[in-house]
Amino acid sequence: MLFALIMGFVSAAPPVVTGCQAQDLTPAPDTSMLSPAVSALAQEQQEPAAQPLPEKWVCLTFDDGPSKTTPDVLSALNAAGVHATFFVVATGYNEKYLPLLAEAVSAGHQIALHSASHEYSDIYRSSDAYWEDIALLKERIAPYVDAESIRYLRFPGGSTNTVSRRYGGKGLMKQLKAEVEQKGWHWVDWNVCAEDAVGGHPSAGTIYRNVVHETGQQTNCIVLMHDSSTTRTTAEALPDIIRWYADNGYTFLTVAEALPLG
């Protein structure tokens, strides 16, 4: 089931985007990691895609790239013939890596929106501030991908983060989720976190064990990982993570394949 205990793990401080900061976690997450429309689709498939979803599937997703880590992540994915989804940033500090987005698309990976600045205090001041950030992100990645066609995003910190309340008030995230849905877009959280962006730079082995442990008995998984400059060991863990899911009967999907637009 897609319903799972979900906690928002991402944080940042220029010039390096990092993640998994304890102070930003949600103590009482929402009941779903997806918008109501997407949750209904995942549960009931009232409007099924052209091909039915497999019983067991996994989406490998990466936040906070592209960066110097991204080529190694792409190499591991491409070697395994697996497509993933990248929730990208364009902070100005990673500008030289943005051409990697075109490479990712050409290899069959999905590009989705995350944030231009990843600065909570800026993007969560108001609804207008959030959408200005998304507009800037689309502008910055437009030379490399069809930014206007992108309809999937992930809120920095996840949709149940506590930081949005700190800067924009208790009702801001509810408003933003409604606005995303009004656009006909999907916002996407996760139900498996690799915890690869926590402090202490976890080893590849630790990241692998985190993914296996959090997957547990779940048959439909959206895995949060990072391809930021500080998460190099994620790329090292990726071949073993892919092998484990394959050995346990999971089909690899992009988010768009798992949760198609209505």
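Refer to the structure presented above.
Here the structure is a predicted model, which is why all the values come from computation and not from measurement.

Caption draft 1: Representation of the environment of Ile222 within the structure. By secondary structure assignment, the location of Ile222 is in strand β9 (residues 220-226). Sequence separation of Ile222 and Val58 is 164 residues, and the distance between their C-alpha atoms is 5.8 Å.

Caption draft 2: Fine view of the packing of helix α2 (residues 70-80) against helix α9 (residues 232-247). Between α2 and α9, whose axes approach to 8 Å, the crossing angle comes to 10 degrees. When the axis of α2 is compared with that of α9, the two are roughly parallel. Of the residues in α9, those touching α2 at Asp72, Val73, Ala76, Leu77 and Ala80 are Arg232, Ala235, Leu238, Pro239 and Ile242.

Caption draft 3: Spatial organisation of the pattern of salt bridges. All chains considered together, the criterion is met by 4 salt bridges. One salt bridge in this structure joins Asp63 and Arg154, with 2.8 Å as the shortest N-O distance. Of the two residues, Asp63 is situated in strand β3 (residues 57-63) and Arg154 in the loop between β6 (152-153) and α6 (163-168); the sequence distance between them amounts to 91 residues. On the accessibility criterion, Arg154 (0% relative accessible area) is buried. Taking the shortest distance from any N to any O, the salt bridge between Lys138 and Glu148 comes out at 3.4 Å. Taken together, the residues Lys138 in helix α5 (residues 127-141) and Glu148 in the loop between α5 and β6 connect sequence positions 10 residues apart. Judged by its relative accessible area of 13%, Lys138 is buried.

Caption draft 4: A look at the packing of aromatic side chains. This structure, assessed with the given rule, holds 11 aromatic pairs. Where Tyr120 meets Tyr124, the ring centres are 6.0 Å apart and the plane angle is 15 degrees; that geometry is what we call stacked. The two residues Tyr120 and Tyr124 agree in class, both being buried. Against the face of Phe87 rests Arg154, its NZ or CZ located 4.2 Å from the ring centre. We note Lys183 situated over the ring of Trp185; from NZ or CZ to the ring centre the distance is 5.5 Å.

Caption draft 5: View of the nonpolar core. Residues Leu60, Leu77, Tyr124, Ile141 and Tyr245 are the most contacted members of the largest nonpolar core, which totals 55 residues. Counting 14 residues, the second largest nonpolar core, distinct from the first, contains Cys59, Leu224, Leu253 and Ala258.

Caption draft 6: Region of interest: the side chain of Asp227. For Asp227, the location among the structural elements is in the loop between β9 and α9. Despite its burial, Asp227 remains without a salt bridge, the nearest opposite charge being carried by Arg154 at 9.1 Å. A distance of 3.2 Å separates a polar atom in the side chain of Asp227 from the backbone nitrogen of Gly65. A distance of 2.8 Å separates a polar atom in the side chain of Asp227 from a polar atom in the side chain of Thr70. Each residue touching Asp227, except ones within four places of it in the same chain, is listed here: Phe62, Asp63, Asp64, Gly65, Pro66, Ser67, Thr69, Thr70, Val73 and Phe86.

Caption draft 7: A look at α2. Within α2, the full set of buried residues consists of Thr70, Val73, Leu74, Ala76 and Leu77. All buried residues of α2 lie within an arc of 160 degrees about the axis, which places them on one face of the element. On its buried face, α2 is in contact with β3, β4 (85-89), α3 (100-106) and α9. Backbone geometry just downstream of α2 places Gly81 in the positive-phi region, at approximately 70 degrees.

Caption draft 8: Summary view of helix α8 (residues 204-215). For α8, which comprises 12 residues, the first-to-last C-alpha distance of 17 Å matches the rise-based estimate of 16 Å (1.5 Å per residue) to within 8%. Within α8, the full set of buried residues consists of Ala204, Ile207, Asn210, Val211 and Thr215. The buried residues of α8 occupy one face: seen down the axis, they fall within an arc of 125 degrees. The exposed residues of α8 that point more than 90 degrees off its buried face are Arg209 and His213. Tucked into the core, α8 has its buried residues touching β8 (192-193), β9 and α9.

Caption draft 9: Looking closely at the environment of Gly216. As for its placement among the helices and strands, Gly216 is situated in the loop between α8 and β9. For Gly216, a relative accessible area of 35% translates into the label partly exposed. Sequence separation between Gly216 and Val192 is 24 residues, and the spatial gap between their C-alpha atoms is 9.3 Å.

Each value, and the rule that gives it
Per-chain numbering applies: the sequence of each chain, read as written, is numbered from 1 onward. For this predicted model, a pLDDT threshold of at least 70 governs which residues receive local features, and a threshold of 80 or more governs which side-chain atom pairs are given and counted, while totals over whole chains, interfaces and linings are taken from all residues. Only hydrogens and water are removed before side-chain values are computed, so all heavy atoms of the structure are retained for them. Put simply, DSSP H or I for four residues or longer makes a helix, DSSP E for two residues or longer makes a strand, and each gets a number counted from the N terminus. Angles run from 0 to 180 degrees between N-to-C directions of axes, and those axes are lines fitted to C-alpha atoms, restricted for helices to the stretch in contact. The scheme is simple: roughly parallel for angles under 35 degrees, roughly antiparallel for over 145, roughly perpendicular for 65 to 115, oblique for anything else. In this description, contact between two residues means that some pair of their heavy atoms is separated by no more than 4.5 Å. Note on definitions: salt bridges are taken to be side-chain nitrogens of Lys or Arg within 4 Å of carboxyl oxygens of Asp or Glu. Summary of the burial criterion: residues with accessible area below 20% of their type's maximum are buried, those above 50% are exposed, and those between are partly exposed, where the area comes from a 1.4 Å probe applied to protein chains only. Between 30 and 60 degrees the pair is tilted, below 30 it is stacked and above 60 it is edge-to-face, where a pair is any two Phe, Tyr or Trp rings, Trp via its six-membered ring, whose centres lie within 6.5 Å. As a reminder, the over-ring test applies to NZ of lysine and CZ of arginine, requiring each to be within 6 Å of the ring centre and within 35 degrees of the ring normal. We define the nonpolar core as a collection of buried residues of types Ala, Val, Leu, Ile, Met, Phe, Trp, Tyr and Cys that are connected through side-chain atoms lying within 4.5 Å of one another. Counting rule applied: Lys, Arg positive; Asp, Glu negative; His and chain ends not counted. Residues adjacent in sequence count toward polar contacts only when both atoms are side-chain atoms; beyond that, a polar contact is any pair of N or O atoms within 3.5 Å, and within protein one must be able to donate a hydrogen and the other to accept it. Comment: arc refers to directions from the helix axis out to C-beta atoms. Take the number of residues in a helix, subtract one, and multiply by 1.5 Å to get its expected span.

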